[in-house]
Amino acid sequence: MLALPPELTQRQATACLRLLLQGLKAQPERAVRVDAKALTRFDSTALAVLLECRRVALSEGRGFAVQDLPLALAGMARLYGVDGLLTGG
């Protein structure tokens with residue numbers, strides 16, 4: 001399982017995405033899971049990072065889901081209409 005850091009804002013986005021994609025490539029599982037429980041400080045960039053990670057996972061024929069998404073980020077995802085993209089298998 002991949003894990004998000006405690007902070008994911010525009011400042012950390014490039015490095016975080018790079019680490020997530022490296023982890024995704026190293027994972028043998030067909031379904032990619034991202035644990036977001038440590039995430040406490042974020043902006044909308046966090047959604048962009050997760051959606052890019054999802055795009056790569058799907059391009060490889062893999063599933064993608066985020067678990068323990070903070071309520072505020074889940075609300076932001078609903079507002080933008082992308083919440084279903086983050087919880088699917």
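Residues numbered from 1 in each chain as written. Predicted model: local features only at pLDDT ≥ 70, side-chain atom pairs only at ≥ 80, totals over all residues. Heavy atoms only, no water.

Notes on the confidence of the model for the protein chain
Any residue range with low pLDDT should be treated as having predicted coordinates unsuitable for detailed reading.
Inference 1: Counting all residues, the mean pLDDT for the protein chain is 95, and 98% of those residues have values of 70 or more.
Inference 2: Between the elements of the protein chain, mean pLDDT differs from a low of 92, seen in helix 4 (residues 83-87), to a high of 98, seen in strand 2 (residues 7-8). (pLDDT = per-residue confidence, 0-100. Helix = DSSP H or I, 4+ residues; strand = E, 2+ residues; numbered from the N terminus.)

Points about the nonpolar core
Inference 1: Residues Leu-4 and Phe-64 are the most contacted members of the largest nonpolar core, which totals 25 residues.
Inference 2: Every element with two or more residues in this core is listed here: helix 1 (13-26), strand 3 (31-35), helix 2 (45-59), strand 5 (63-67) and helix 3 (71-80).
Inference 3: If one sorts the elements of this core by residue count, helix 2 sits on top with 7 residues. (Core = buried A, V, L, I, M, F, W, Y, C linked by side-chain atoms within 4.5 Å. Buried < 20%, exposed > 50% of the residue type's maximum accessible area, 1.4 Å probe, protein only.)

Let's talk about the packing of helix 1 against helix 2
Inference 1: Interhelical geometry of helix 1 versus helix 2 gives an angle of 25° and a closest axis separation of 10 Å. Relative to helix 2, the element helix 1 lies roughly parallel. Like other packed secondary-structure pairs, helix 1 and helix 2 cross with a definite hand, here right-handed. Of the residues in helix 2, those touching helix 1 at Ala-13, Cys-16, Leu-17, Leu-20, Leu-21, Leu-24 and Lys-25 are Thr-45, Val-49, Glu-52, Cys-53, Val-56 and Ala-57.
Inference 2: For the contact of helix 1 with helix 2, the residue count by class is 10 nonpolar, 1 polar and 2 charged. (Axes fitted to C-alpha atoms, helices over the stretch in contact; angles between N-to-C directions. Parallel < 35°, antiparallel > 145°, perpendicular 65-115°, else oblique. Left-handed = near helix turned anticlockwise from the far one by under 90°. Contact = heavy atoms within 4.5 Å. Nonpolar A, V, L, I, M, F, W, Y, C, P; charged D, E, K, R; others polar.)

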